[in-house]
Amino acid sequence: MIEIPSDLHPDLRPLAFLLGNWAGAGVSDFPGAEKCNFGQEVTFSQDGRDFLEYHSHTWVLDAEGNKVKPLESESGFWRIDKDRKVEVVMVRDDGVVEVWYGELADKKPQIDLATDAVARTAASGPYSGGKRLYGYVKSDLMWVGEKQTPEVPLRPYMSAQLKKVVSPEDVAAMARNLGDLPDDGIAFFK
């Protein structure tokens, strides 16, 4: 279920499905880099202003699913206008700053984005643009990213499936709002 915080800026209601802490795993595969499975934690938060704040951290996973080393980190700000046009400003740990534009699909929680501007520091690797697709599917946040460099045409490079993370505070709030459940718990399923 998607909850809309009472202090959410009215313009951001169409993006409410993104809010919260998400965690999961995915696959990274791009020429010149080692193919790997990765873990990811993502947070979309808000403070009442007209943007969502975004943070993502990924790390390489070993065959048993243990963290091996950091992969990528990025932070940014997401906005949406009355015509469902989405804009994102993002900075990544590898020295890349991007401006993304796209739109929220009609009647479904899906966002298509493409880079409009890319700035790179001298230390960053080759990169000339990308596309991303985010979707809220059966209560999961799923995404796929494509990127291109001067040597490699646009192609998928990362994708992940993320689940909403429930904090101890969320569990306590749920427990306070359960109401009257049957003592044995079984009657609830009859």
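Just so we're clear, the structure is a prediction, and the values are computed from it rather than from any experiment.

A.B. asks: Would you mind going over the pairing of strand E8 (residues 129–137) with me for this structure?
C.D. replies: Along any regular strand the residues' side chains alternate between the sheet's two faces. Relative to E8, strand E7 (residues 110–120) runs antiparallel, the two sharing 5 bridges. Paired with Asp 112 across the strands is Leu 133, a residue of E8. Where E8 lies against strand E9 (residues 140–148), 9 bridges are found, and the strand directions are antiparallel. Paired with Gly 130 across the strands is Lys 147, a residue of E9.

A.B. asks: Even after reading the chapter, I still don't get the layout of surface pockets, so can you show me in this structure?
C.D. replies: Any empty space left between the atoms is revealed when a probe the size of a water molecule rolls over them. Of the voids in this model, the second largest pocket is the one considered here, and its volume is about 480 Å³. Looking at the second largest pocket, it is lined by 21 residues, and the ones nearest its centre are Phe 30, Ala 33, Leu 71, Glu 72 and Lys 147. With 3 residues, strand E4 (residues 67–80) is the largest single contributor of residues to the lining of the second largest pocket. Here the residues of the lining of the second largest pocket sort into 10 nonpolar, 4 polar and 7 charged.

A.B. asks: Help me understand the nonpolar core, please; the structure alone is not making it clear to me.
C.D. replies: In summary, soluble globular proteins display a tendency toward joint burial of nonpolar side chains. Core analysis: the biggest nonpolar cluster contains 34 residues, and Leu 18, Phe 44, Leu 52, Trp 78, Val 86, Ile 111 and Leu 113 have the highest contact counts within it. Among the elements that make up this core, the one with the highest residue count is strand E10 (residues 155–164) (4 residues). In this structure Phe 44 touches Leu 18, Leu 19, Gly 20, Trp 22, Leu 52, Glu 53, Tyr 54, Trp 78 and Leu 141, once residues within four positions along its chain are discounted.

Criteria and thresholds
- Residues numbered from 1 in each chain as written.
- Predicted model: local features only at pLDDT ≥ 70, side-chain atom pairs only at ≥ 80, totals over all residues.
- Heavy atoms only, no water.
- Pairing = 2+ DSSP bridges.
- Helix = DSSP H or I, 4+ residues; strand = E, 2+ residues; numbered from the N terminus.
- 1 Å grid on protein atoms, 1.4 Å probe; cavity = no way out; pocket = protein on both sides within 12 Å on 5 of 7 lines; lining within 4 Å.
- Points joined across faces, edges and corners; volume = space filled by probe spheres on them.
- Nonpolar A, V, L, I, M, F, W, Y, C, P; charged D, E, K, R; others polar.
- Core = buried A, V, L, I, M, F, W, Y, C linked by side-chain atoms within 4.5 Å.
- Buried < 20%, exposed > 50% of the residue type's maximum accessible area, 1.4 Å probe, protein only.
- Contact = heavy atoms within 4.5 Å.

In short, shape yes, function no, at least from these values alone.
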